[in-house]
Amino acid sequence: MRPEIPAAPTYAAKGDAPPPPDQHVSLGEKIEGDWWAAFRSPALDSVIQRAIADNHDITSVKARVAEAQEAVNAAEGALLPQVSLGATVGRQKYGAALFGPANFSIPPFTYYTVGPSVSFPLDLFGGQKRTVEEVAAHTEYQGYELDAAYLSLTANVAAQALAVAATHAQIVALEAIVEDDAQNVQLVERALGIGSATQTQLLAAQSQLATDRTLLPNLQQQESTARHALAILVGKAPADWMPPDFTLDDFTLPAEIPASLPSELLHRRPTILAAEAQLHVASAAIGVATANLYPKIDLTGTLAQQALTPGGLFNSVAAAWGVAANLTQPLFDGGQLSAQRRATIDGYQASLASYQQVILTAFGEVADSLQALTNHADQLRAESEAERTAAAALDLARRSYAVGNSGILDVIDAQRRLAQARLGLSRARAQRLVDTAQLFVALGGTPIRAAGPITASADGVTRR
């Protein structure tokens, strides 16, 4: 039974700003289909589908799910009567003293026995049933772990693809800045040739060019790292696979974002459902530990054919049978069973607290992502305005320098402000896309098991 968890009607805290005007959050709607499809990027769709098919972590978790399902089958089988067939052949010699007088002796003989036996546990106090429940709850947990791994994989692929696009945009912006720096150097060199500039000004321009060039290797390394991460996520070595050349123009900022209500998030987000399944495991463990305090009764029956020669088997006089009931009741165990039951109760309380914390963390992540949409939309508008005014200021500074109304340092300073504005604009554009992806993930994304259960096969794990 799911514990009662108070849920607020909304995620936002008092004072949080509403979503930006170009993105509408539809509270109470569910994410339909693949969450990343909202970015309308065929290249991203292709890479994510390849990662889902070939990522080794997903394959590993699928196998764990299949393993857990078979454990449920095994536990359920223990509730049914156990039938086995046994056969024995042996040679026996009894001592003379066993049957009385010393002169009485049975000669050595060979005997044969064959027949079925049946055993059946009377699960009077539900220990076996709670064991099955515990194993089934663990299987449920493994399934939600698969959903969580799937969501994490798709989120990581989207994040790395956006990282490639963002760093590429910054590299393009920085290369343009370096080109502007080179033009500044040429401008000062011409001015120096006609005597309107100084060697100090030339060195300042050359220094700025050299400084901006030092920024490129770091960005190029970031782009390479993101590309390598994408290769690993799709199950390939970086030398064996090259991801697409993502750019920010490959992604469309989603205008409509469906967002589950907080009460619905409890039934959708894999991390919450996995914590709930762990709580179920802990609850079933209490039942198992409680049943262990009470008697256990097992019924057994045997039907056998016994003879001294193989030819004597399977006739009426060779038939033998037996029926027995075994009862086991703990009397003194040094307090072990009671302590084990108390431990399972403590374990349940720990799982309950963890479950509640996971819910609060999930609500907080959604609230953070919602607020980020607004804050970074404001930042993008500010960066756009900064880039526009910086470009105008640089143009004015260059024209002023050309007619001798200002020095080269004014041009370099204006160029530096434009460089910072361009880089900031690239980062702000990428951040809005990242914020939206993080919101989709915080809302639970798309469960992989919506396509069907995971089953084991002789040649691997399949999904149907």
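Residues numbered from 1 in each chain as written. Predicted model: local features only at pLDDT ≥ 70, side-chain atom pairs only at ≥ 80, totals over all residues. Heavy atoms only, no water.

**Student:** Would you take a moment to explain the overall build of the protein chain for this structure?
**Tutor:** If you tally the helices and strands in the protein chain, you get nine helices and eight strands. Here the C-alpha radius of gyration of the protein chain, 37 Å, is well above what a compact globule of 464 residues would show, namely 23 Å. Seen along its three principal axes, the alpha-carbon backbone of the protein chain occupies a region of about 140 × 50 × 40 Å. Going through the 464 residues of the protein chain one by one, you find that 39% of them count as buried. Partitioning the intrachain contacts of the protein chain with sequence separation of at least 6 by distance along the chain shows that 80% fall at a separation of at least 24. With an accessible surface of roughly 24600 Å², the protein chain has 57% of that area assigned to carbon and sulfur atoms. Seen as two clouds, the 33 positive and the 46 negative side-chain charges of the protein chain have centres 4 Å apart. (Helix = DSSP H or I, 4+ residues; strand = E, 2+ residues; numbered from the N terminus. Rg over C-alpha atoms; globule rule 2.2 N^0.38 Å. Buried < 20%, exposed > 50% of the residue type's maximum accessible area, 1.4 Å probe, protein only. Contact = heavy atoms within 4.5 Å. Areas by Shrake-Rupley, 256 points an atom, 1.4 Å probe, with all protein chains shown as cover. Lys, Arg positive; Asp, Glu negative; His and termini not counted. Charge placed at Lys NZ, Arg CZ, Asp CG, Glu CD.)

**Student:** Just checking my understanding: could you explain helix α4 (residues 199-213) for this structure?
**Tutor:** Each α-helix turn comprises 3.6 residues. Residues three or four places apart therefore point the same way. For α4, built from 15 residues, the straight-helix expectation of 21 Å at 1.5 Å per residue is met to within 8% by its first-to-last C-alpha distance of 21 Å. Turning to α4, its buried residues are Q201, L202, A205, Q208, L209 and D212. Down the axis of α4, the smallest arc covering the buried residues is 125°, so these residues share one side. Residues of α4 that are buried make contact with α3 (127-193), α5 (215-233) and α9 (408-442). (Expected span 1.5 Å × (residues − 1). Arc of directions from axis to C-beta.)

**Student:** For this particular structure, what's the right way to read the sheet that holds strand β3 (residues 109-122)?
**Tutor:** Pairing between the strands of a sheet comes from backbone hydrogen bonds, and it takes one of two forms, parallel or antiparallel. Read across the sheet, four strands follow the order β2-β3-β5-β6 without closing on themselves; strand pairing throughout is antiparallel. Of all the strands in the sheet, the pair left with one neighbour each is β2 (82-92) and β6 (319-328). If you compare each strand with its neighbour and ignore which way they point, the axes differ by 20° on average. Examined bridge by bridge, β2 and β3 share eleven bridges and lie antiparallel to one another. Its bridge partner lying in β3, Q82 is registered against S119. (Pairing = 2+ DSSP bridges. Axes fitted to C-alpha atoms, helices over the stretch in contact; angles between N-to-C directions.)

**Student:** Whenever I open this one, the packing of aromatic side chains confuses me. Can you help?
**Tutor:** The relation between two aromatic rings is expressed through the spacing of the ring centres and the mutual angle of the planes. Summed over all chains, the structure comprises eight aromatic pairs. Judged by centre distance (6.3 Å) and plane angle (55°), the ring pair of F109 and Y111 falls under tilted. Ring geometry for F125 and Y294: centres 4.9 Å apart, planes at 20°, overall stacked. In this pair, F125 is assigned in the loop between β3 and α3 and Y294 in the loop between α7 (270-291) and β5 (296-307), connecting sequence segments 169 residues apart. Judged by its relative accessible area of 42%, F125 is partly exposed. (Phe/Tyr/Trp six-rings, centres within 6.5 Å; stacked < 30°, edge-to-face > 60°.)

**Student:** Quick question: what am I supposed to make of helix α8 (residues 336-402) here?
**Tutor:** Compared with the 99 Å implied by 1.5 Å per residue over 67 residues, the 92 Å span of α8 between its first and last C-alpha is a close match. Among the residues trailing α8, G404 stands out with phi positive, at a value near 85°.

**Student:** Could you clarify how one ought to interpret the pairing of β3 in this entry?
**Tutor:** The side chains of a regular strand alternate between both faces of the sheet. Pairing of β3 with β5 involves nine bridges; the strand directions are antiparallel. Bridging from a neighbouring strand, F120 pairs with L299 of β5.

**Student:** Got a minute to help me understand the pattern of salt bridges in this structure?
**Tutor:** Side chains that differ in sign of charge can pair as their charged atoms come close. Under the criterion given, the structure shown has 15 salt bridges. For D378, the salt bridge is made with R381, and the minimal N-O distance between the two is 2.1 Å. Of this pair, D378 and R381 both sit in helix α8, three residues apart, roughly one helical turn. For D378, a relative accessible area of 36% translates into the label partly exposed. With its nearest N and O atoms 2.6 Å apart, the salt bridge here joins R388 to E385. (Salt bridge = Lys/Arg side-chain N within 4 Å of Asp/Glu carboxyl O.)

**Student:** What's the story with the nonpolar core in this structure? I'm lost.
**Tutor:** Nonpolar side chains in soluble globular proteins tend to be buried together. One finds Y11, W35, L44, V157, F246, F251 and V366 to be the most contacted residues of the largest nonpolar core, which totals 60 residues. Of all elements in the fold, only α1 (42-54), α2 (56-77), α3, α5, β4 (256-259), α7, α8 and α9 reach the threshold of two or more residues within this core. Every residue in contact with F246, bar those within four places of it in the chain, is listed here: S41, A43, L44, V47, A161, V164, A165, H168, L230 and F251. Membership of the second largest hydrophobic core comes to 27 residues, among which are A205, A390, Y401 and V411. (Core = buried A, V, L, I, M, F, W, Y, C linked by side-chain atoms within 4.5 Å.)

Read these as layout, nothing more, since geometry by itself doesn't imply function.
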